[in-house]
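What follows is the residue order along each chain.
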Amino acid sequence: KAGVTQTPRYLIKTRGQQVTLSCSPISGHRSVSWYQQTPGQGLQFLFEYFSETQRNKGNFPGRFSGRQFSNSRSEMNVSTLELGDSALYLCASSLALEPSYEQYFGPGTRLTVT
Amino acid sequence: AQSVAQPEDQVNVAEGNPLTVKCTYSVSGNPYLFWYVQYPNRGLQFLLKYITGDNLVKGSYGFEAEFNKSQTSFHLKKPSALVSDSALYFCAVRDMENFNKFYFGSGTKLNVKP
């Protein structure tokens, strides 16, 4: 079974631009979560989607948004990029929302904002 | 609120020696605990989880973890370390009071020296 895929793997953007990241979960997984990973802040939860609905949201500004499609694929958008948005963005999928289910992570998208 | 702490930023161990990576948690209710490993420029890989039952949980690559309710700990262990185990290890807990959101520890860098 194919794992979680994320595209693109690397991105370089300039301040003020916007960016869209894509995530395809493991086949059959309906829950998709997004995380931001930086050396200073570690792994921070952005949001989680299940059945095209945002179920949970972390403490990020409204510039960060996401959505999930009917095939469970998800996109994350960051508008008006800032230097501090440079990070590894990780997507994770899970079979369902039950707490006993682990999440499976993609390789991440490395975003550099200059 | 739920939280998880990894008190050591780095653990150094010689190849062939046993290793322990520490994790303590704070939850209300029954804890759902997880360990993940991250290799450079990769996403996180699931190692093992504790949901209920046996306090000693066995996972991938020869790792195991011991759940200790009285000490609120979930330490990751391996009887004999390999150089290839060198990576970043994350402990995580599900927050059942907050839509099952994952909280990750700050990570522990494991260095296994030949």
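Above this text you will find the structure in question.
In this text the structure is predicted, and so the values were computed from the model without any measurement.

Visitor: Looking at this structure, I do not really get the interface of chain B and chain A. What am I missing?
Guide: Contacts between chain B and chain A engage 21 residues on the former and 24 residues on the latter. Approximately 1,800 Å² of surface area, both sides summed, lies buried where chain B meets chain A, with 52% of it carried by carbon and sulfur atoms. Counting every contact that joins chain B to chain A gives 1 salt bridge. Close ionic contact of E102 of chain A with K49 of chain B constitutes a salt bridge, the shortest N to O distance being 2.7 Å. At the boundary of chain B with chain A, the tally comes to 5 residue pairs in polar contact (both at pLDDT 80 or more). Elements that contribute at least two residues to the side of chain B that touches chain A include exactly β5 (33-38), β6 (44-50), β10 (87-95) and β11 (101-104) of chain B. Each residue belonging to the side of chain B that touches chain A can be placed in one class, and the counts come to 12 nonpolar, 5 polar and 4 charged.

Visitor: Whenever I open this one, the state of the cysteines confuses me. Can you help?
Guide: In a disulfide, the sulfur atoms of two cysteines are covalently bonded to one another. Residue and element names in this part refer to chain A. Following the criterion strictly, the structure yields 2 disulfides over all chains and no others. Disulfide pairing places C23 opposite C91 at an S-S distance of 1.7 Å. Taking the sign of the S-S torsion, -55° for the link of C23 and C91, the bridge is left-handed. Residue C23 is located in strand β3 (residues 19-24), and its partner C91 is located in strand β9 (residues 87-94); the two are separated by 68 residues in the primary sequence. Judged on exposure class, the residue C23 and its partner C91 are both buried.

Visitor: Looking at this structure, how should I read the pattern of salt bridges?
Guide: A side chain with one charge may pair with a side chain of the opposite charge, provided their charged atoms come close. All names here are of chain A. Applying the stated criterion to the full structure yields 8 salt bridges over all chains. The partner of E82 in a salt bridge is R63, and the shortest N-O contact between them spans 3.6 Å. One end of the pair, E82, is in the loop between β8 (74-78) and β9; the other, R63, is in the loop between β6 (53-57) and β7 (64-68), with 19 residues separating them in the sequence. Among the ionic pairs, D85 bridges to R63, the shortest N-O distance being 2.8 Å. With D85 in the loop between β8 and β9 and R63 in the loop between β6 and β7, this residue pair connects regions lying 22 residues apart in the sequence. Each member of the pair, D85 as well as R63, carries the same accessibility label: buried.

Calculation criteria
Residues numbered from 1 in each chain as written. Chains lettered and ligands numbered in written order. Predicted model: local features only at pLDDT ≥ 70, side-chain atom pairs only at ≥ 80, totals over all residues. Heavy atoms only, no water. Contact = heavy atoms within 4.5 Å. Buried area = accessible area lost by both parts, 1.4 Å probe. Salt bridge = Lys/Arg side-chain N within 4 Å of Asp/Glu carboxyl O. Polar contact = N/O pair within 3.5 Å; in protein donor to acceptor, adjacent residues only side chain to side chain. Helix = DSSP H or I, 4+ residues; strand = E, 2+ residues; numbered from the N terminus. Nonpolar A, V, L, I, M, F, W, Y, C, P; charged D, E, K, R; others polar. Disulfide = S-S within 2.5 Å. Buried < 20%, exposed > 50% of the residue type's maximum accessible area, 1.4 Å probe, protein only.

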